[in-house]
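Coordinate analysis (summary)
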There are 2 protein chains.
Amino acid sequence: MTFPPLQEQLSVLMRGVLEIVPQEELAKKIQKSIDTGIPLRIKLGVDPTAPDVHFGHTVVMRKLRQFQDFGHQVVLIVGDYTAMIGDPSGRNKTRPRLSHEQVMENAKEYQEQFFKIVKREQTEIRYNGDWFSKMPFDKVTELMGSITIAQMLERKDFQTRYAEGQPISLHEFVYPLMQAYDSIVIKSDVELGGTDQKFNVLRGRELQIREGQDPQIGLFMPILLGTDGEQKMSKSLGNYVGVNESPDVMFHKVYNIADSLVQSWSELLTVKNDFSKDILVAKRELALDIVAQYYGTDAAQAAAEREKAIHSGNELPSDTPEIKLAAGSYGVLDLLVSIGAFASKGEARRMIQNSGVKIGGNIVADANAQLTVDKEMIVQVGKRKFYKVFT
Amino acid sequence: MTFPPLQEQLSVLMRGVLEIVPQEELAKKIQKSIDTGIPLRIKLGVDPTAPDVHFGHTVVMRKLRQFQDFGHQVVLIVGDYTAMIGDPSGRNKTRPRLSHEQVMENAKEYQEQFFKIVKREQTEIRYNGDWFSKMPFDKVTELMGSITIAQMLERKDFQTRYAEGQPISLHEFVYPLMQAYDSIVIKSDVELGGTDQKFNVLRGRELQIREGQDPQIGLFMPILLGTDGEQKMSKSLGNYVGVNESPDVMFHKVYNIADSLVQSWSELLTVKNDFSKDILVAKRELALDIVAQYYGTDAAQAAAEREKAIHSGNELPSDTPEIKLAAGSYGVLDLLVSIGAFASKGEARRMIQNSGVKIGGNIVADANAQLTVDKEMIVQVGKRKFYKVFT
C-alpha cells in the first residue's frame, strides 16, 4: 500500500487531540507504515452496554475515520465477555451483567451507528470473549502478576475511592488488564480513547513490551461538552445530539448550541477550518457541515430552511412537544408548570417579568392572569422553546 | 458411625490449640456428628513445594490424627495448581513455578512423611488442579468479586508490605481466595493451620456461607519453636528435627533442646501429661516418647543408651561432622574457624578463655598456641558439639 506523506497525515491526525503518549512515537509509527506499506492497526474498545450513540462518542469515531482515510486499519473490540462478567459483587450499577443475547443485540445496534462514521470495509471487528472465554486460570493469574496493587491504586478513580473508604471489589482490578491484554491479541499500533482511558492504554503498552511487540501509542481525545456548553454530553443530562436524529432536529440542536462551543465543536466534529467570524453565521455553517456529513448537502440545506422559518416564527421545530390538556380555565403559572416549560411557578414568574413568555403570539404581561384553554395554542418560552397545547 | 462423647473429644482436641474461630461452634459441630453419625471433614491444605517434613509441620498433623482417632475424616488438599502458578511476577522467591512432574514428585515425598503421623485410610487426598484447571475466566472474576481491596489489605502481611511500599503483585491476592474456594469444593467442617492462616480460613468460611453451606471452623495451632528455643523451627535455621532422621539423631536433638521448650514440645508433640519435674529427666522422657512414636519403644531405648554413652564421653554423636585437613601446623584459632566450629576468631578466643574448647580430650588454655595436625583428632566445643578432624 502507499500512504500520503507523513506531514499530511500528522496535520489531520493531530487535529483536536488532547494528548499522545508517547508523543514522539506517532510520527515514527506513521513513517514505518509509509516505509513498509503496512497499514497501522488502530484500536478502539467498546462496552456493548449503551447502544445510543451521540456526538460525544463520535469524536473518537471521527478520528478513526481519519486514520482510515489515510489507509490505516481500524480494529473495533467489542467487550462482550466483559459485559457478561458485569459486576459480580453487584455494587456497581453501571456494570450490569448482560446475557449473550443482549450483548449481541447491543453490539449490532452500536455498529449500525458506528458505521455511519467509520468505514466498514477497513474495520476488523473482534469480540474479546474469543480469547477470554478460553483463558485458563493460570493465564489469568499470569496476567495479574504483571501489575502491583500500588500501581493499580494509582489509577485516579481507584485512588479516590480507596482514599474515601468506598469499597473496590478485587475483580474491578481485572478490567484494565483485560483491556490491556486485548492490545496484545490484536497487535495494536494506536489505541484511541478519552483521557479517562490513559491508565488502561498504558498498561496495554507495557504488556506488549513484555510480549516483545512494538508497543501501541495512546491517542487521547478531549471530552465533548453538551449543547449547554457546561457539562459533558450525556443522554441523561438531555444536552446531547444523537447520530440517529432527523436532519431537522440535528440542525436545530447544533444551530442553537451555546456560543462558547463553536470552536471546540468545529475542531472535534468537522474538518473545516474557515468558519465565519460572525457567531450566528458560524453556527449555521457548523450545523450545515455536520448535518451534511450524515444526510448529504441537500438534506442539510432543507433543514437550514426549516430552522430559518422557525426563527422567523413561521414554523415550529419538528421536535416541539405536544401537550393535551382538559379544556377549561387555568392560572397562567399553573399552565406553564403543568406543560413542563418550568420546574416551578417562581421560575415561570421571573420569565414572565422578563417578557420571555408568549402565548398565541402575544407576550404574557400578567403572571396572575387566567387563561381559557379550549383550542390549539402555541406557548413560546424565550426564543427557541415551543410547546403546542391542545384539548 | 458412633463417636466418643463430646467432652472426651474436646479434652483432646483442645490440647495445645491456640485459637478456635468461632470458639463456640466446635462443640456444636462435634455434637452434630455424634447425633447424625456423620464424621466431620477436617481440611488441611499444603503447598507441594517443601517436601522435607520436620516437627514444626507435625504439630498440625498430630491434631489431624487426633480427629481421626475419634472417627473423623481428614481431607488433604495438595495445592498442585497453586504451585504450578508459582509467582508469575518473579518477585517472590519462596514461590517458584514448578512443573507438574516436580509437583507430583514433591507430593509423593510429602505424603510418605505425612502418613507417618496421619492415618492413610481415613484421609481423602485432593489436588486443587482438579477444579482450578477447569475454572473459566468469568468464574475467576466472580470469586474475586467476593472481596474488596481494603479487606484484602487487612491481612497482616499485605498490610505491612503495602505500608512499607514493597510491591504486592495483584495475583498474590488470588491465593487466599483459591484456598477459601477449596473449602466449598470439599465441604470442609474444620480447617487446620497456623495462625498465619487465619485470614484465608475465615475467607473460606464466608464463601461457604454464600454458597449455603454449614461453614467451617478455623482451628489454629501455635508455631513450634526450633531446638534453640528462640526461633520458629526451620530447616534453613538449622534448628529443626526432621521426621526422617534416624532414632539416634532424633533422640539426641530432642534430648538437647533448650530447657524452656520442654513444656510446649510436650504439649504439641506428645499426648503424655506426667513428665518429671526434673528438667533433664523430663527431656529424656520427652525424647523417649517422641522417638517411640516414630520407631517404637525398643529403638527409643537403644537411642537413649547411645546418647548416654556420648554424654559420658565414651562415644561421639552419630551426626558428628568429619573434616579433612591437610597435615601441617595450624594456629588454634585458624583451625577452629576453618572446621566451622566458630564464625570468627574472636568468638573462638572467647570460648577458649572460658575453658570451653577441648582438643584430644585436653582443655585448650592458650588461644595463640600452634597445633600439629597429622592424625585423627576430636575437637569439642562446649558440652555437646564435636568435630572429628582427620588428614
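Residues numbered from 1 in each chain as written. Chains lettered and ligands numbered in written order. Predicted model: local features only at pLDDT ≥ 70, side-chain atom pairs only at ≥ 80, totals over all residues. Heavy atoms only, no water.

Taken together, the 31 residues of chain B in the interface contact 31 residues of chain A. The contact between chain B and chain A buries some 2800 Å² in all, and 75% of this surface belongs to carbon and sulfur atoms. For chain B, the biggest contributors to the area lost against chain A are F137(B), I149(B) and L170(B); these three give 28% of the whole. Linking chain B with chain A are zero salt bridges, by the criterion used here. Connecting chain B to chain A are six residue pairs in polar contact (both at pLDDT 80 or more). Of all the secondary structure elements, the ones that give two or more residues to the side of chain B that touches chain A are α4 (80–85), α7 (137–144), α8 (149–152) and α10 (174–186) of chain B. Per element, the largest residue contribution to the side of chain B that touches chain A is six residues, and it comes from α7(B). Across the side of chain B that touches chain A, the residue classes tally to 21 nonpolar, six polar and four charged. (Contact = heavy atoms within 4.5 Å. Buried area = accessible area lost by both parts, 1.4 Å probe. Salt bridge = Lys/Arg side-chain N within 4 Å of Asp/Glu carboxyl O. Polar contact = N/O pair within 3.5 Å; in protein donor to acceptor, adjacent residues only side chain to side chain. Helix = DSSP H or I, 4+ residues; strand = E, 2+ residues; numbered from the N terminus. Nonpolar A, V, L, I, M, F, W, Y, C, P; charged D, E, K, R; others polar.)

A few words now on the side chain of S33(A). Residues and elements named next belong to chain A. Position of S33 among the secondary structure elements: in helix α2 (residues 25–36). Polar side-chain contacts of S33 include one of 2.7 Å to the backbone oxygen of I30. When neighbours within four sequence positions are excluded, S33 is seen to be in contact with F3, I38, L40 and H72.

This part takes up the pairing of strand β13 (residues 385–390) of chain A. Residues and elements named next belong to chain A. Sheet topology note: the strand β7 (residues 322–324)/β13 ladder contains three bridges and is parallel. Bridging across to β13, E322 finds its partner in K388. Bridge analysis of strand β12 (residues 377–381) against β13 gives five bridges, and the strand direction is antiparallel. In the sheet register, V379 faces β13, and the bridge partner there is Y387. Linking β12 to β13, which pair antiparallel, is a turn of three residues; within it G382 sits at a positive phi near 65°. (Pairing = 2+ DSSP bridges.)

This part covers the environment of V46(B). All names here are of chain B. Within the element layout of this structure, V46 appears in strand β2 (residues 41–46). Judged by relative accessible area, which is 13%, V46 ranks as buried. Along the backbone, V46 and Y110 are 64 residues apart, and their C-alpha atoms lie at a distance of 9.4 Å. (Buried < 20%, exposed > 50% of the residue type's maximum accessible area, 1.4 Å probe, protein only.)

It is worth spelling out the relation of the copies chain B and chain A at this point. The transformation that overlays chain B on chain A combines an axial shift of 0.3 Å with a rotation of 178°, and the residual RMSD is 0.5 Å. Accordingly, the operation relating the two chain copies is best matched by a two-fold axis. The residues that chain B uses at the interface reappear at the interface of chain A in 100% of cases, marking a shared surface. (Least-squares fit on C-alpha atoms with pLDDT ≥ 70 in both.)

Here we come to helix α15 (residues 297–311) of chain A. Under the 1.5 Å per step criterion, the end-to-end length of α15(A) is 21 Å for 15 residues, consistent within 8% with the ideal 21 Å. Turning to α15(A), the residues buried within the fold contact α12 (247–255), α14 (279–295) and β13 of chain A. (Expected span 1.5 Å × (residues − 1).)

A separate point is the sheet that holds β13(A). Strand order in this open sheet of five strands is β7-β13-β12-β9-β10 (chain A), and the pairing throughout is mixed. Since the sheet does not close on itself, it has two edges, and those belong to β7 and β10 (362–363) of chain A, each with one partner.

All right, on to the packing of aromatic side chains then. One pass over the full model with this rule turns up 23 aromatic pairs over all chains. Consider the rings of Y81(A) and F137(B), whose centres lie 5.7 Å apart with planes at 85°: the pair is edge-to-face. Linking Y81(A) in helix α4 (residues 80–85) with F137(B) in helix α7, this pair reaches from one chain into another. With relative accessibility at 7%, the residue Y81(A) sits in the buried group. Taking the relative accessible area as the measure of exposure, F137(B) reaches 0% and is therefore buried. Members of the aromatic cluster, connected to one another through ring pairs, are Y81(A), W131(A), F132(A), Y181(A) and F137(B). Over the ring of Y240(A) we find K253(A); its NZ or CZ atom is 4.4 Å from the centre of that ring. The positively charged end of R155(B) is found above the aromatic ring belonging to F158(B), 4.2 Å away from the centroid. (Phe/Tyr/Trp six-rings, centres within 6.5 Å; stacked < 30°, edge-to-face > 60°. Lys NZ or Arg CZ within 6 Å of the ring centre and 35° of its normal.)

Residues and elements named next belong to chain B. The strand order across the open sheet formed by six strands is β1-β6-β5-β2-β3-β4, and the pairing between neighbours is mixed. In this open sheet, the two strands that pair with only one neighbour each are β1 (19–21) and β4 (123–127). Averaged over all neighbouring strand pairs, the angle between strand axes comes to 25°, with direction disregarded. Sheet topology note: the β2/strand β3 (residues 73–78) ladder contains six bridges and is parallel. (Axes fitted to C-alpha atoms, helices over the stretch in contact; angles between N-to-C directions.)

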